[in-house]
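For reference, the chains in residue letters:
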Amino acid sequence: MKDSNFLKEMNARSVWHPMAHPADSHANPPTIVTGASGVRIKDVDGHEVVDGVGGLWNVNLGFSCQPIKDAIAAQLDALPYYSIFRGTTNDKVIQLSEELRTFFEPDGLTRAFYTSGGSDSVETALRLARQYHKIRGDTGRVKFLSLKKGYHGTHMGGASVNGNANFRTQYEPLLPGCYHIPAPYTYRNPFNETDPQRLAQLCLQALEDEIAFQGAGTIAAMIMEPILGAGGVIPPHPSFMPGVRDICTRNGILLIADEVITAFGRTGSWSGSRHWGVQPDFMCTAKAITNGYFPFGAVMIAEQVAETFEQDASGKAAIGHGYTYSGHPVGAAAALACLAETQRLNVPENATARGEQLHQGLLALQAKHDAIGDVRGGHGLMCAMELVSDRETKSPIDKKTIATVQEVAYHNGAMVRVSGPNIILSPPLVLTREDALVILDALDAGLAAITG
Ligand code: PMP
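Reading the values: the criteria
Residues numbered from 1 in each chain as written. Predicted model: local features only at pLDDT ≥ 70, side-chain atom pairs only at ≥ 80, totals over all residues. UniProt positions renumbered as here; feature names shortened; annotations may be inferred. Core = buried A, V, L, I, M, F, W, Y, C linked by C-beta atoms within 7 Å. Buried ≥ 20, exposed ≤ 12 C-beta atoms within 10 Å, placed from the backbone. Helix = DSSP H or I, 4+ residues; strand = E, 2+ residues; numbered from the N terminus. Domains from an automatic or database assignment. Contact = placed C-beta atoms within 7 Å. Pairing = 2+ DSSP bridges. Right-handed = clockwise from strand over helix to strand, strands pointing away. Expected span 1.5 Å × (residues − 1). Nonpolar A, V, L, I, M, F, W, Y, C, P; charged D, E, K, R; others polar.

- For the protein chain, an unreviewed UniProt entry supplies the name Aspartate aminotransferase family protein and the organism Aliisedimentitalea scapharcae.
- In its Cofactor (unreviewed entry) section, the UniProt entry covering the protein chain states "pyridoxal 5'-phosphate".
- On record in UniProt, under Sequence similarities (unreviewed entry), the comment for the protein chain is "Belongs to the class-III pyridoxal-phosphate-dependent aminotransferase family."

Listed below in structure tokens is the structure:
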């Protein structure tokens, strides 16, 4: 292995990183990760830390999940690739679909359409939602609604429903007909409302108002994350998602749950929709479906929507959409092994316990460090703290200072993620109590470094 400075130079010379300025790699070279085991990652200099990010919200079972590795190896020998476009399928994808059907039955979702990742899953759901209305002759329903601060991936459709200007502005014009509703974000919202339940009601009213303004008959679907993830881990009041479901149902609008982060246990429930007692019409999944070991995703489809497609005799339900890697046999084998292991370990239980520990730990840090403006969590293993330069005015912290917190935390034993003014924690769901303490102590050191 070449020396780490040389690798960093080569990286800066030849790699463009997602979600980063291309010049950043020179000024702030990224950590070069060369290995991982359990819940720890190792860098090129031999430094080993607890991964508080869980890969990218996907490595729910840690980096040493032998059954998934074995399944991938065996499938590469048996059938490394074949497409499931019309005319062919494979045994693993059939088996997986039956398993997913059972797994998601309580969510009312009974069919699967396969993708290569989260952005593909979002794109698929948006397209199928439009097609659903066309099949039914409701051809005016083409618009989409979503939440401000929502993140729905990087394809043009997904970017159009994204609720963060950073992912939109440089790529405009985006898809016409996409409108955004205020998010139930208690710390900052246009209503200056600090009570989560009243805020949920105000956001629901804003949704009703937007539907009335656009005309219900023009809207195909509302897409939302059950708990906003990349936008800063923003859990809504429990009344919010059921309220959205109710408004969508009353207005003939499909509800797409973007569960690319929340499906498979992260919230402490088997899905984010189930966490709030809601049945969506489509559910976008990816990430933890293969524990991050293979790029793969699935859009789960509600029985009622599936029947509309399947009972169509006009030909309009023919699906003009799909990916070379839809139903990839190696991805399907990985997902099958991952689903079995996820259930065997009953990961929501530990996600709830460790999530509570981290949430309480962050609240304790907030009492100690003025830079923490807001702490969010309490729903499984997804927590965040929002940093400010002044608690009174809530002025967001600057980029350099938050980067210092991250860097010092890393040198004290934990990788954490920075997203805007937020430090986000989404560690593997198999985290132990001791691992969680390492993360909290590392953050304590990081915060101490900026307050002196
Ligand atoms: N939807 C949500 C809610 C996500 O968090 C993400 C990724 N973080 C995506 C979609 C896009 O997934 P991918 O990066 O796998 O394309």
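## Section: the nonpolar core
Alright, step 1. Judged by nonpolar contacts, the single largest core of 119 residues is most densely connected at A129, A221, M222, L254, I256, F282 and A334.
Alright, step 2. Looking at this core element by element, the count peaks at 9 residues for helix α12 (residues 329-344).
Alright, step 3. Counting contributing residues per domain, this core is built from domain 1 (31-61 + 346-451) and domain 2 (67-344), each supplying no fewer than three.
Alright, step 4. In contact with A334, not counting residues within four places along its chain, are I68, A71, I72, T290, Y293, F294 and F296.

## Focus on the pairing of strand β7 (residues 219-224)
Alright, step 1. By the criterion of burial, β7 is predominantly enclosed, with 6 of the 6 residues buried.
Alright, step 2. Inspection of the sheet shows strand β5 (residues 143-147) paired to β7 by 4 bridges, in the parallel sense. Bridge pairing in β7 links K143 to I219.
Alright, step 3. Pairing geometry for β7 and strand β8 (residues 254-258), over 4 bridges, is parallel. Paired with M222 across the bridge in β8 is L255.
Alright, step 4. Read from β7 through helix α9 (residues 240-250) to β8, the crossover connection turns out right-handed.

## A closer look at the environment of Q304
Alright, step 1. Structurally, Q304 is set in helix α11 (residues 303-310).
Alright, step 2. Between the C-alpha atoms of Q304 and E225, which are 79 residues apart in sequence, the distance is 21 Å.

## Describing helix α6 (residues 118-135)
Alright, step 1. Along its 18 residues, α6 runs 25 Å from first to last C-alpha, staying within 8% of the 26 Å computed at 1.5 Å per residue.
Alright, step 2. Two residues or fewer after α6 comes G137, characterised by a positive phi angle close to 80°.

## Some details on the domain arrangement of the protein chain
Alright, step 1. Domain annotation for the protein chain reports domain 1 (31-61 + 346-451) and domain 2 (67-344).
Alright, step 2. Taking the mean C-alpha position of each, domain 1 and domain 2 sit 27 Å from one another.
Alright, step 3. Listing elements by their share of the side of domain 1 that touches domain 2, those giving two or more residues are α3 (54-57), α13 (347-368), β11 (372-376), β12 (383-390) and β16 (422-425).
Alright, step 4. Looking at which element gives the most residues to the side of domain 1 that touches domain 2, the answer is α13, with 5 residues.
Alright, step 5. Taken together, the residues that form the side of domain 1 that touches domain 2 break down as 12 nonpolar, 14 polar and 4 charged.

## Section: the environment of G46
Alright, step 1. Among the structural elements, G46 can be located in the loop between β2 (40-43) and β3 (48-51).
Alright, step 2. Here the alpha-carbon distance between G46 and L145, two residues 99 residues apart in the chain, equals 47 Å.

## Some words on the sheet that holds β3
Alright, step 1. Read across the sheet, 4 strands follow the order β1-β2-β3-β14 without closing on themselves; strand pairing throughout is mixed. Lying at the two open borders of the sheet, with one neighbouring strand each, are β1 (33-37) and β14 (414-415).
Alright, step 2. Pairing analysis gives 2 bridges linking β3 to β14, with the strands arranged parallel. Across the sheet, the residue bridging to D51 is M415, located in β14.

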